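Inside the fold
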Amino acid sequence: MASPMRSLLTDPARYLQSFRLFLTNSTEHQCMREFMERQLPAEIASIGNGKSTINILSVGGGAGEIDLLILSKVQARYPGVTINNDVIEPSADQISKYKERVAETSSLENVKFTWHEETAYEYESRMNAEKKSKKWDFIHMIQMLYYVEDIPATIRYFHSLLEAQAKLLIILVSGERTSGWETLWKKFGSSFPLNDLCSYVSSADIRTILDSAGLKYQLHELPSYMDITSCFIEGNKDGELLLDFLTETCQFSETAPPELKRQVMEELRKPECSEKRDGKVLFNNNLSVIMIEP
């Protein structure tokens, strides 16, 4: 009998609900903010040298929280310079939240925003069809490579759009052995209903791709965790949403075979995935930042 399990991405509203809960329960954005505050300024120190306009491409910009932080760092480094900020984002809901955020933010006078409601692949196909290959001074792909079908081709395409002084920034889950994602997905990924909508990929896989393409890059590890205590409270709505997010499965608690659910719950408690602190279960959500040279 076919399993009733289906990918979380088949229900966009539930996906967004679980994703927002993940952001609330994790230090995901805090650790990215810290990186943007402390290390990004040095990384972007020469992307706009001698330019009157800086072109930035955000691939999978979401609701814009991190994008606006990146823009503030570019503005601080190049005060008064015009910035063209193009955003590729397939979710209309996320784009409208992004636009609201821009409307509420002062100090963006010199930034021109263009939103493209499409996937990275649709953007690439459209640009190729229109025979356009605009070059960019900074491209960032934050937590989005799980949702592209051909990861090496996607990296190759966007890397080909870099200007001479430009950088390509990728952030995704760490491929270190301490990563809860790496542990969980290496063990159970084949049991989850991913189809073509999502693939598990970590910084270890990206490094392999970059090494084989002979690309130069720097790697930074960002410690992060997610509070998954509620996942162990039977019938807890937040816990069920977080389990959906962890397994990329819609209604995982209700649709997973009992044995798979038991094994996943057991794995999530193990020190390879989580640590127990102050009565809480904290899942290892460590991230990697990969900064790629042109």
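The structure contained in this document is the topic of the report that follows. A quick note: this is a predicted structure, and the numbers were derived from the prediction, not measured.

The subject of this paragraph is the pattern of salt bridges. Here the structure, examined in full by the defined rule, presents 20 salt bridges. Lys186 is the partner of Glu182 in a salt bridge, and the nearest nitrogen-oxygen pair spans 3.9 Å. Within this pair, Glu182 and its partner Lys186 are both found in helix α8 (residues 180–188), separated by four residues, close to a single helical turn. A residue is classified by how much of its surface remains accessible, and Glu182, at 12% relative accessible area, is buried. Its salt-bridge partner being Lys187, residue Glu267 comes within 2.9 Å of it at the nearest N-O pair. Separated by 80 residues along the polypeptide, Glu267 in helix α12 (residues 258–269) and Lys187 in helix α8 bring together distant segments of the chain. For Lys187, a relative accessible area of 46% corresponds to the partly exposed category. A single salt-bridge network, built from bridges that share partners, covers Glu118, Arg126, Glu130 and Lys132.

Below, the discussion takes up the pairing of strand β10 (residues 274–277). The sheet contact formed by β10 and strand β11 (residues 280–284) spans four bridges and is antiparallel. Counted as the bridge partner of Arg277 is Lys280 from β11. In this antiparallel pair of consecutive strands, β10 and β11, the connection spans two residues, and Asp278 shows a positive phi of 50 degrees.

Cut-offs and rules
- Residues numbered from 1 in each chain as written.
- Predicted model: local features only at pLDDT ≥ 70, side-chain atom pairs only at ≥ 80, totals over all residues.
- Heavy atoms only, no water.
- Salt bridge = Lys/Arg side-chain N within 4 Å of Asp/Glu carboxyl O.
- Helix = DSSP H or I, 4+ residues; strand = E, 2+ residues; numbered from the N terminus.
- Buried < 20%, exposed > 50% of the residue type's maximum accessible area, 1.4 Å probe, protein only.
- Pairing = 2+ DSSP bridges.

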